[in-house]
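Here are the chains, one letter per residue:
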Amino acid sequence: NQFVKEYYTTKSSTGGSNDLSPNNDDEYGIVYVTGDKYYWLTISSIKYIRHNLKDNTPIELFMPYYDIKDELICNTINSVYGNIKCSFFSNYLSKAMIDNFDKGYQYKSLALLLTRFKNSLYLDSDNFLIIKPKKLFNSEIFNRNGLVLWPDFWKRSTHPNFYKFTNLIENNKKNSIVDYPSVESGQILINKSNHVKTLILSYYYIFMDLVIFIHF
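Residues numbered from 1 in each chain as written. Predicted model: local features only at pLDDT ≥ 70, side-chain atom pairs only at ≥ 80, totals over all residues. Heavy atoms only, no water.

**Notes on the overall build of the protein chain**
Step number 1: Broken down by element type, the protein chain carries 10 helices and six strands.
Step number 2: Relative to its 216 residues, the protein chain shows a buried fraction of 42%.
Step number 3: A separation of at least 24 residues holds for 76% of the contacts in the protein chain among residues at least 6 apart in sequence.
Step number 4: Summed over its atoms, the accessible surface of the protein chain is roughly 12,600 Å², and 55% of this surface lies on carbon and sulfur atoms. (Helix = DSSP H or I, 4+ residues; strand = E, 2+ residues; numbered from the N terminus. Buried < 20%, exposed > 50% of the residue type's maximum accessible area, 1.4 Å probe, protein only. Contact = heavy atoms within 4.5 Å. Areas by Shrake-Rupley, 256 points an atom, 1.4 Å probe, with all protein chains shown as cover.)

Set out below in structure tokens:
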């Protein structure tokens, strides 16, 4: 897998750890992917968490490439709201590989793979929490499954052949996965230790979308 090769090569060359596992001290946290025109939305979302919810859960902001301007902006956000770490995909992967990501949503599973948190709440920058994240992390459904996804407003539009290709449907079975609503990926609650294969598979489908789905 190209991601694994790039990750290990880049981390080795910079002297960093080659372990995808989270640090023991980083049990829970919130993850954003931001930059450029999304900064003001990210700041608004963080401000609501810190000021309205009175919550100081650790936050990690991911940006595509290291740039002194982005580092300054991110460090300023941290100085105002506190407990925020700035991370750059270019510290893990080559520029050539990052350049292949031409859609913003492609960064989501990558951020959840690379984050230092074991349990992550990924939020799109236009999302606002209405309860403290601790309640989500401590919820029975999350502790039982290690993964919580929220439904979108419409049914799935995935090509039927995808479900045959992945063997997700039994013939003539009622209430199959195609009958459920589509998933809103702007909020993802996940335990990385339990679902690292899920994240790698998600990243694979996103990165190889044209190669895989063109044959449908």
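**Focus: unusual backbone geometry**
Step number 1: A positive phi is found at Lys54, a non-glycine position, where the angle reads about 55 degrees.
Step number 2: Summarising the element assignment, Lys54 is placed in the loop between helix H2 (39–52) and strand E2 (59–63).
Step number 3: Judged by its relative accessible area of 62%, Lys54 falls in the exposed class.

**Observations regarding the pairing of strand E3 (residues 84–88)**
Step number 1: Most of E3 is tucked away, with four of its five residues classed as buried.
Step number 2: As judged from the five bridges shared by E2 and E3, these two strands associate in the parallel manner. Residue Ile59 lies in a different strand from E3, and its bridge partner there is Ile84. (Pairing = 2+ DSSP bridges.)

**Digging into the side chain of Asn119**
Step number 1: Assignment of secondary structure puts Asn119 in strand E4 (residues 119–123).
Step number 2: The exposure class assigned to Asn119 is buried, which follows from its relative accessible area of 4%.
Step number 3: Here Asn191 takes part through its side chain, which lies 2.8 Å from a polar atom of the side chain of Asn119.
Step number 4: Not counting residues up to four positions away in its chain, the partners in contact with Asn119 are Glu27, Tyr28, Gly29, Phe137, Phe142, Ile190 and Asn191. (Polar contact = N/O pair within 3.5 Å; in protein donor to acceptor, adjacent residues only side chain to side chain.)

**Brief notes about the sheet that holds E3**
Where strands meet in a sheet, backbone hydrogen bonds hold them as pairs that are either parallel or antiparallel.
Step number 1: Pairing within the open sheet is mixed, and its six strands lie in the order E3-E2-E1-E4-E6-E5. In this open sheet, the two edge strands, each paired with only one partner strand, are E3 and strand E5 (147–155). In this sheet, adjacent strand axes meet at a mean angle of 25 degrees when their direction is disregarded.
Step number 2: Alignment of strand E1 (residues 28–33) against E2, held across four bridges, turns out to be parallel. The residue bridging Ile30 from the neighbouring strand is Ile59, located in E2. (Axes fitted to C-alpha atoms, helices over the stretch in contact; angles between N-to-C directions.)

**With respect to the packing of aromatic side chains**
Step number 1: Counted under the stated rule, the structure contains eight aromatic pairs.
Step number 2: Where Tyr48 meets Phe128, the ring centres are 5.8 Å apart and the plane angle is 85 degrees; that geometry is what we call edge-to-face. Separated by 80 residues along the polypeptide, Tyr48 in helix H2 and Phe128 in the loop between E4 and helix H6 (133–137) bring together distant segments of the chain.
Step number 3: Look at Tyr48 and you get partly exposed, because its relative accessible area is 29%.
Step number 4: Between Tyr204 and Tyr205, the ring centres sit 6.1 Å apart and the planes meet at 55 degrees, which makes this aromatic pair tilted.
Step number 5: A relative accessible area of 35% means that Tyr204 is categorised as partly exposed. (Phe/Tyr/Trp six-rings, centres within 6.5 Å; stacked < 30°, edge-to-face > 60°.)

**Some thoughts on the packing of H2 against helix H3 (residues 68–81)**
Step number 1: Their axes nearest at 11 Å, the elements H2 and H3 cross at an angle of 15 degrees. Considered as vectors, H2 and H3 are oriented roughly parallel to each other. Here H2 runs over H3; the crossing is right-handed. Residues Tyr39, Ile43, Ile46, Lys47, Arg50 and His51 of H2 touch H3, and the partners they reach there are Asp70, Ile73, Ile77 and Tyr81.
Step number 2: Of the residues contributing to the contact of H2 with H3, the split by class is six nonpolar, one polar and three charged. (Parallel < 35°, antiparallel > 145°, perpendicular 65-115°, else oblique. Left-handed = near helix turned anticlockwise from the far one by under 90°. Nonpolar A, V, L, I, M, F, W, Y, C, P; charged D, E, K, R; others polar.)

**Here's the deal with the nonpolar core**
Step number 1: In terms of nonpolar packing, the biggest core is built from 23 residues, with Ile30, Tyr32, Ile46, Leu61, Leu121 and Leu129 touching the most fellow members.
Step number 2: Of all the secondary structure elements, the ones that give two or more residues to this core are E1, H2, E2, H3, E3, E4 and H6.
Step number 3: Aside from chain neighbours lying at most four places away, what touches Leu121 is Gly29, Ile30, Val31, Leu129, Pro133, Leu136, Phe137, Ile188 and Leu189.
Step number 4: With 21 residues, the next largest nonpolar core counts Leu110, Leu113, Leu114 and Leu199 among its residues. (Core = buried A, V, L, I, M, F, W, Y, C linked by side-chain atoms within 4.5 Å.)

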